[in-house]
Amino acid sequence: MTPGAEGPSPRRRGRPSRTAATGPDARTRILEAARTEFAERGYDKTSVRGIARAAGVDAALVHHYFGTKDEVFAAAIELSFEPALVLPQVLGGPADGLGERLARYFIGVWENPVSRAPLLAILRSALTHEAAAKVLRGFVLRRLLERIAAELDVPDPTFRAELAASHMIGIAMLRYVIRAEPLASADPEKIIGMVAPTLQRYLSDG
């Protein structure tokens, strides 16, 4: 190196390097990798370093976008449900069709193979690991039920929304986790048709 020439600037601790993958697709790759890691390894065995390795980025970049493992876990849940995109459509239609729209949305998420695998991992993790249960509980309460309850013009809207959620989570457990027959093999349209009136009763005075 010639005198006076500047060497490379030192890398600062705790921040992603300039050579790390950045840009609008880096966050998406991290989320997709997180969904796969949680689905294949479960909550306990998934690490931020493992997610970063699967996404082809530095672990510091995962922390930069999401912070802790719990926050990556929450983001992976949100990626599966996409409440910001779907709930306005579910809640924005005629009030007398809310039960059917909610049932169709929920069953559709679980019937989609892309979202089903990470959701199975999330549900199983929540049953066996308190940290995962806390994250899932917070997401369900804040991002789903509170938004649904806010649109209900009925007494005890949060309680009613929780009853609807308990019904749908019970279906998910029996159909997709335990795979109890004949529910596990039933046509999704048959399930929606039978569940929708019950959800409608929960969510309305009718």
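Keep in mind that what you see is a predicted model, and the values were worked out from it rather than measured.

**Student:** Any chance you could explain the overall build of the protein here in plain terms?
**Tutor:** Secondary structure assignment for the protein yields 10 helices and 0 strands. Here the protein holds 206 residues, and 44% of them are scored as buried. Partitioning the intrachain contacts of the protein with sequence separation of at least 6 by distance along the chain shows that 67% fall at a separation of at least 24. Looking at the protein as shown, the accessible area adds up to about 11,800 Å², and 54% of this sits on carbon and sulfur atoms.

**Student:** What is the right way to look at the packing of aromatic side chains in this model?
**Tutor:** Working definition: an aromatic ring pair is given by the centre-to-centre distance plus the angle between the planes. The full count for this structure, using the stated rule, is 4 aromatic pairs. On the basis of an interplanar angle of 70 degrees and a centroid distance of 4.9 Å, the ring pair of F38 and F73 is categorised as edge-to-face. Taken together, the residues span a long stretch of sequence, with F38 in helix α1 (residues 24-45) and F73 in helix α4 (residues 69-81) at a distance of 35 residues. Judged on exposure class, the residue F38 and its partner F73 are both buried. On the basis of an interplanar angle of 20 degrees and a centroid distance of 5.0 Å, the ring pair of W110 and Y176 is categorised as stacked. A residue pair is termed long-range when its members are at least 10 positions apart, and W110 in helix α6 (residues 98-111) and Y176 in helix α9 (residues 157-177) qualify at 66 residues. The class for W110 is buried, based on a relative accessible area of 4%. Three or more aromatic residues joined by ring pairs make a cluster, and in this case those are F106, W110 and Y176.

**Student:** Would you mind going over the side chain of K69 with me for this structure?
**Tutor:** Residue placement: K69 occurs in helix α4. At a separation of 2.9 Å, a polar atom in the side chain of K69 contacts the main-chain carbonyl oxygen of T46. Apart from the residues lying within four places of it in its own chain, the contact partners of K69 are F38, Y43, D44, T46, S47 and V48.

**Student:** What am I meant to see in the side chain of R160 here?
**Tutor:** Along the chain, R160 turns up in helix α9. According to the relative accessible area criterion, R160 is buried, its value standing at 18%. At 2.8 Å, the side chain of R160 forms a polar contact with the backbone oxygen of P155.

**Student:** Hey, could you run me through the packing of α9 against helix α10 (residues 188-203) in this one?
**Tutor:** When two helices pack together, their arrangement is given by the angle between the helix axes and by the axis-to-axis distance. Following both chains from N to C, one finds α9 and α10 inclined at 160 degrees, their axes separated by 9 Å at the closest point. As judged from the angle between their axes, α9 and α10 are roughly antiparallel. Considering only the axes of α9 and α10, their crossing is right-handed. Contacts between α9 and α10 involve R160, A161, L163, A164, H167, M168, I171 and R175 on the former and, on the latter, P188, I191, V195, T198, L199, R201, Y202 and L203. A per-class count over the contact of α9 with α10 returns 11 nonpolar, 2 polar and 3 charged.

**Student:** Whenever I open this one, helix α3 (residues 59-66) confuses me. Can you help?
**Tutor:** Those residues of α3 that sit buried are A59, A60, L61, V62 and F66. Two or three places before A60, at the opening of α3, D58 has a side-chain oxygen 2.7 Å from that residue's backbone nitrogen. The positive-phi residue at the C-terminal boundary of α3 is G67, with phi of around 90 degrees.

**Student:** Sorry if this is basic, but what is going on with the nonpolar core here?
**Tutor:** When a protein is soluble and globular, its nonpolar side chains tend to lie buried together. Residues I30, F38, F73, L102 and W110 are the most contacted members of the largest nonpolar core, which totals 63 residues. Per-element accounting of this core gives the leading share, 10 residues, to helix α8 (residues 130-150). Ignoring anything within four residues of it in the chain, the contact list for I30 reads I51, A55, V57, L61, V62, Y65 and F66.

**Student:** What is the right way to look at the pattern of salt bridges in this model?
**Tutor:** When the charged atoms of two side chains with opposite charge come close together, those side chains can pair. Throughout the structure, instances matching the rule amount to 5 salt bridges. Residue E189 pairs with R104 through a salt bridge whose shortest N-O separation is 2.7 Å. Here E189 is found in helix α10, whereas its partner R104 is found in helix α6, with 85 residues between them in sequence. Residue classification places R104 among the partly exposed positions, given a relative accessible area of 35%. Between E111 and R175 there is a salt bridge, with its nearest N and O atoms 2.9 Å apart.

Rules and cut-offs
Residues numbered from 1 in each chain as written. Predicted model: local features only at pLDDT ≥ 70, side-chain atom pairs only at ≥ 80, totals over all residues. Heavy atoms only, no water. Helix = DSSP H or I, 4+ residues; strand = E, 2+ residues; numbered from the N terminus. Buried < 20%, exposed > 50% of the residue type's maximum accessible area, 1.4 Å probe, protein only. Contact = heavy atoms within 4.5 Å. Areas by Shrake-Rupley, 256 points an atom, 1.4 Å probe, with all protein chains shown as cover. Phe/Tyr/Trp six-rings, centres within 6.5 Å; stacked < 30°, edge-to-face > 60°. Polar contact = N/O pair within 3.5 Å; in protein donor to acceptor, adjacent residues only side chain to side chain. Axes fitted to C-alpha atoms, helices over the stretch in contact; angles between N-to-C directions. Parallel < 35°, antiparallel > 145°, perpendicular 65-115°, else oblique. Left-handed = near helix turned anticlockwise from the far one by under 90°. Nonpolar A, V, L, I, M, F, W, Y, C, P; charged D, E, K, R; others polar. Core = buried A, V, L, I, M, F, W, Y, C linked by side-chain atoms within 4.5 Å. Salt bridge = Lys/Arg side-chain N within 4 Å of Asp/Glu carboxyl O.

That is the geometry; function is a separate question.
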